[in-house]
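For reference, the chains in residue letters:
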Amino acid sequence: FVLSSRAYQGLAGGLGDEEVRVLHQIGSDGLLPCRTFLLEAPGEDVAERLRMRGGGEADAIGGRNARYHADVGRGFAGLAQGDDTVVQVDASGSADEVHAAVMEEVEPLLAPTS
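None of the values given here were measured: they were computed from a predicted structure.

*Asks:* Is there a simple way to explain the overall build of the chain in this structure?
*Replies:* Along the chain, the regular secondary structure elements total 5 helices and 2 strands. Ordered by position in the sequence, the α and β elements of the chain form the string α-α-β-α-α-β-α. By principal-axis analysis of the C-alpha atoms, the chain measures approximately 50 × 35 × 25 Å. Relative to its full complement of 114 residues, the chain shows a buried share of 21%. Once local pairs closer than 6 in sequence are excluded, the contacts in the chain between residues at least 24 apart make up 67%. Accessible surface, the chain as shown: approximately 7900 Å² in total, 54% of it carbon and sulfur. Side chains of the chain give 9 positive and 19 negative charges; the mean places of these two sets differ by 7 Å.

Written out as structure tokens, the structure reads:
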């Protein structure tokens, strides 16, 4: 959602964070998620997962150089600081472990309120 646009296009892509925020305000009338899950894993793990997922074929963003991806990672980390709607999740485990960690954060949001 907007955090990804801010990290990819705004910060790493050079468009500028404020410009992306303004475009988001116009395009979505300011709609914001109540939670954003930031899945974090070492860069080499992410690169390997992308290679396995894409069968060696990269999309327009996946095919960009390592510096760009490092900039995106730093952008996400900076944007997450001080934002209590961003939940940082260790994604270095198995898919089942990561799923369980995310669900642990989601379940309280789904609980009925009285």
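Anyway, onward from the coordinates.
*Asks:* What is the right way to read the nonpolar core from this model?
*Replies:* In this structure, Leu3, Ala7, Ala12, Leu38, Tyr68, Val72, Phe76, Leu79, Ala80 and Val86 together form the largest nonpolar core, which totals 10 residues. Of all the elements in the fold, those that place two or more residues in this core are helix H1 (2-12) and helix H4 (66-80). Of all the elements, H4 adds the most residues to this core, at 5 residues. With near-sequence residues (within four places) excluded, Leu3 lies in contact with Thr36, Phe76, Leu79 and Val86. Core analysis: the next-biggest nonpolar cluster, separate from the first, contains 6 residues, Val87, Val89, Ala91 and Val102 among them.

*Asks:* What is the right way to look at the pattern of salt bridges in this model?
*Replies:* Scanning the entire structure with this criterion turns up 3 salt bridges. Between Glu18 and Arg21 there is a salt bridge; the shortest N-O distance is 4.0 Å. Of this pair, Glu18 and Arg21 both sit in helix H2 (residues 17-28), 3 residues apart, which is roughly one turn of that helix.

*Asks:* Hey, could you run me through a nonpolar patch on the surface in this one?
*Replies:* On the surface, Phe1, Leu31 and Leu32 cluster together into a nonpolar patch covering about 350 Å² of accessible area. Turning to its location among the elements, Leu31 is positioned in the loop between H2 and strand S1 (36-40). When its relative accessible area of 53% is taken as the criterion, Leu31 is described as exposed.

Thresholds applied
Residues numbered from 1 in each chain as written. Predicted model: local features only at pLDDT ≥ 70, side-chain atom pairs only at ≥ 80, totals over all residues. Heavy atoms only, no water. Helix = DSSP H or I, 4+ residues; strand = E, 2+ residues; numbered from the N terminus. Buried < 20%, exposed > 50% of the residue type's maximum accessible area, 1.4 Å probe, protein only. Contact = heavy atoms within 4.5 Å. Areas by Shrake-Rupley, 256 points an atom, 1.4 Å probe, with all protein chains shown as cover. Lys, Arg positive; Asp, Glu negative; His and termini not counted. Charge placed at Lys NZ, Arg CZ, Asp CG, Glu CD. Core = buried A, V, L, I, M, F, W, Y, C linked by side-chain atoms within 4.5 Å. Salt bridge = Lys/Arg side-chain N within 4 Å of Asp/Glu carboxyl O. Patch = residues over 30% accessible without salt bridge, like charges linked within 9 Å, V, L, I, M, F, W, Y side chains within 5 Å.

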